[in-house]
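Letter by letter, the chains look like this.
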Amino acid sequence: MHEQLTINEQDPIIARFYDYEHFTYPWHFHSEFEIIYVGESHGERFVADSMEYFHPGDVILLGSNLPHYMRSNEIFYKGNPGLRVKGVVIQFAHDYMSHAINKYAELTHIKSLLNNAKRGYHFPHPQNQEIIRDIEALPEYKGFQRIIHLLLLLDKMAACKDKRLLGSPHFSENITVSFNNRIEKILSFLNYHYLENISLDNLAFKFSMNTSAFCRYFKQKTGKSYINYIQDLRIGHARKLLVGTTYDISHISIECGFNTICHFNKIFKRKTSLTPSEYRNKFIR
């Protein structure tokens, strides 16, 4: 569902407290950036092809046109007046201060934050407490002060070392990789060929290394074995297909480079704690 927000040139930022019985908005997207802080409630959070549980204190940053959905736990639908969904939501135009953010070196870190937010960011609790204080203060500001304090909030979010991306690299096909060193060239090659049957020996040869040296180098630079990295890319692509298409699971397993559906199911369950069918049902239920 494409949500149309009321943001315009006269009012480029929405910042408000919310207080609901439960989250109600369906699987949707909008062109604006969005920050969601959950003060009370728990349930399931769907961002791109990521499905995780959320808890009080969670903060997420969502990029422009990124599909997302918050679903409260079932107990919030039982009519218990003591259970509420409370927090703050901030939404701002996709071109918010775009000239300054794209041109000024001092704002390069914010530019990177917003560019990468196309996969969604999670800021875990309690490391995000300073960010939460700024989020809770923003609805109280108006006009110029709101614009300035949103920029200060983004500065802190960009500097946060504990944030992590939610969606897999291949939920969006618009991948940009700079070629500064060998590992970036290797990862860029894998980003475009991970569905192919590439032997480890041939890959090492392509980058002028013997196989054992390549494995050591890859593990040192990425923190993962080559096999584990390829599996993560393939499962990420499978999650995208499970959410965005009606392909049957056997077709998806083949398209994602798995020799048998049994092997695909085993790896998918290991990586996501769900079977492919369970994962698909989580999104379309």
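Reading guide: rules and limits
- Each chain has its residues counted from 1, running along the sequence as written.
- Given that the model is predicted, a residue must reach a pLDDT of at least 70 before its local features are reported, and side-chain atom pairs must reach 80 or more before they are shown or counted; all residues, however, enter totals for whole chains, interfaces and linings.
- Heavy atoms from the whole structure form the basis of all side-chain values; hydrogens and water molecules are not counted.
- Numbering of helices and strands starts at the N terminus; helices are DSSP runs of H or I of at least 4 residues and strands are runs of E of at least 2.
- The globule rule used here is 2.2 Å times the number of residues to the 0.38 power, and the radius of gyration it is set against is calculated over C-alpha atoms.
- Buried residues are those whose accessible area, probed at 1.4 Å on protein chains only, stays under 20% of the maximum for their type, while exposed residues exceed 50% and partly exposed ones sit between those limits.
- A contact between two residues is defined here by any heavy atoms of the two lying within 4.5 Å.
- Every accessible area reported is derived by Shrake-Rupley at a probe size of 1.4 Å, with residue values counting cover from the shown protein chains alone.
- DSSP calls a pair of strands paired once it identifies at least 2 bridges connecting them.
- All axes here are fitted lines through C-alpha atoms, helices being fitted over the stretch that makes contact, and every angle between N-to-C directions spans 0 to 180 degrees.
- Any carboxyl oxygen of Asp or Glu within 4 Å of a side-chain nitrogen of Lys or Arg constitutes a salt bridge here.
- Buried Ala, Val, Leu, Ile, Met, Phe, Trp, Tyr and Cys residues form a nonpolar core when they are joined through side-chain atoms within 4.5 Å.
- By arc we mean the arc of the directions from the helix axis to the C-beta atoms, nothing more.
- Angle categories: roughly parallel below 35 degrees, roughly antiparallel above 145, roughly perpendicular from 65 to 115, and oblique for all the rest.

**Description of the overall build of the protein chain**
Then step 1. When helices and strands are tallied, the protein chain shows 11 helices and 9 strands.
Then step 2. Relative to the 2.2 N^0.38 estimate, which gives 19 Å for 285 residues, the radius of gyration of the protein chain is 21 Å and therefore close to what a compact globule would have.
Then step 3. The 285 residues of the protein chain split such that 45% are buried.
Then step 4. Partitioning the intrachain contacts of the protein chain with sequence separation of at least 6 by distance along the chain shows that 71% fall at a separation of at least 24.
Then step 5. Accessible area of the protein chain: about 15,100 Å², with a carbon and sulfur share of 52%.

**A look at the sheet that holds strand S1 (residues 13–20)**
Then step 1. What the 6 strands build is an open sheet, ordered S1-S7-S2-S5-S8-S9; its pairing is antiparallel. Looking at the sheet topology across the chains shown, the edges are occupied by S1 and strand S9 (164–165).
Then step 2. Of the pairings in the sheet, the one linking strand S8 (residues 121–123) to S9 comprises 2 bridges and is antiparallel in character. Within S9, the position partnered with His122 by the bridge is Arg164.
Then step 3. Contacting S1, strand S2 (33–40), strand S5 (59–62), strand S7 (85–92) and S8, helix H3 (residues 129–137) runs over the sheet at an angle of about 105° to S2.
Then step 4. In this fold helix H4 (residues 143–159) packs onto S1, S2, S5, S7 and S8, with an angle of close to 75° to the strand it touches most, S1.

**A look at the pattern of salt bridges**
Then step 1. Under the criterion given, the structure shown has 9 salt bridges.
Then step 2. Arg45 serves as the salt-bridge partner of Glu52, at 2.5 Å between the closest nitrogen and oxygen.
Then step 3. Among the ionic pairs, Asp49 bridges to Arg239, the shortest N-O distance being 3.8 Å. Residue Asp49 is located in the loop between strand S3 (43–47) and strand S4 (50–54), and its partner Arg239 is located in helix H8 (residues 226–244); the two are separated by 190 residues in the primary sequence. Each member of the pair, Asp49 as well as Arg239, is classed as buried.

**With respect to the nonpolar core**
Then step 1. Ile35, Ile90, Phe92, Leu150, Leu154 and Met157 are the most contacted members of the largest nonpolar core, which totals 31 residues.
Then step 2. Looking at this core, the element that brings in the most residues is H4, giving 6 residues.
Then step 3. The residues contacting Phe92, other than those within four sequence positions of it, are Ile7, Pro12, Ile13, Glu32, Phe33, Ile35, Leu114, Leu150 and Leu154.
Then step 4. Listed in part, the 17 residues of the second largest apolar core include Phe46, Leu241, Val243 and Cys256.

**Focus on helix H2 (residues 108–116)**
Then step 1. For H2, the complete set of buried residues consists of Ile110, Leu113 and Leu114. One side of H2 carries all its buried residues, which in axial view fall inside an arc of 90°.
Then step 2. On the buried face of H2, the contacting elements are S2, S5, S7, helix H1 (98–103), S8 and H4.

**A look at the sheet that holds S3**
Then step 1. Within the open sheet, the 3 strands sit side by side as S4-S3-S6. Their pairing is antiparallel. Every interior strand has two partners, whereas the edge strands, S4 and strand S6 (68–72), have only one. Pairwise comparison of adjacent strand axes, ignoring direction, gives a mean angle of 20° for this sheet.
Then step 2. Taken together, the 5 bridges between S3 and S4 define a ladder with antiparallel strand orientation. For Gly43, the partnering residue across the bridge sits in S4 and is Phe54.

**Thoughts on the packing of helix H5 (residues 182–193) against helix H7 (residues 211–222)**
Then step 1. Between H5 and H7, whose axes approach to 11 Å, the crossing angle comes to 95°. With respect to each other, H5 and H7 are oriented roughly perpendicular. Contact residues: H5 offers Arg182, Ile183, Ile186, Leu187 and Leu190, while H7 offers Phe214, Tyr217, Phe218, Lys221 and Thr222.

Remember that the coordinates give geometry; whether it matters functionally is a separate question.
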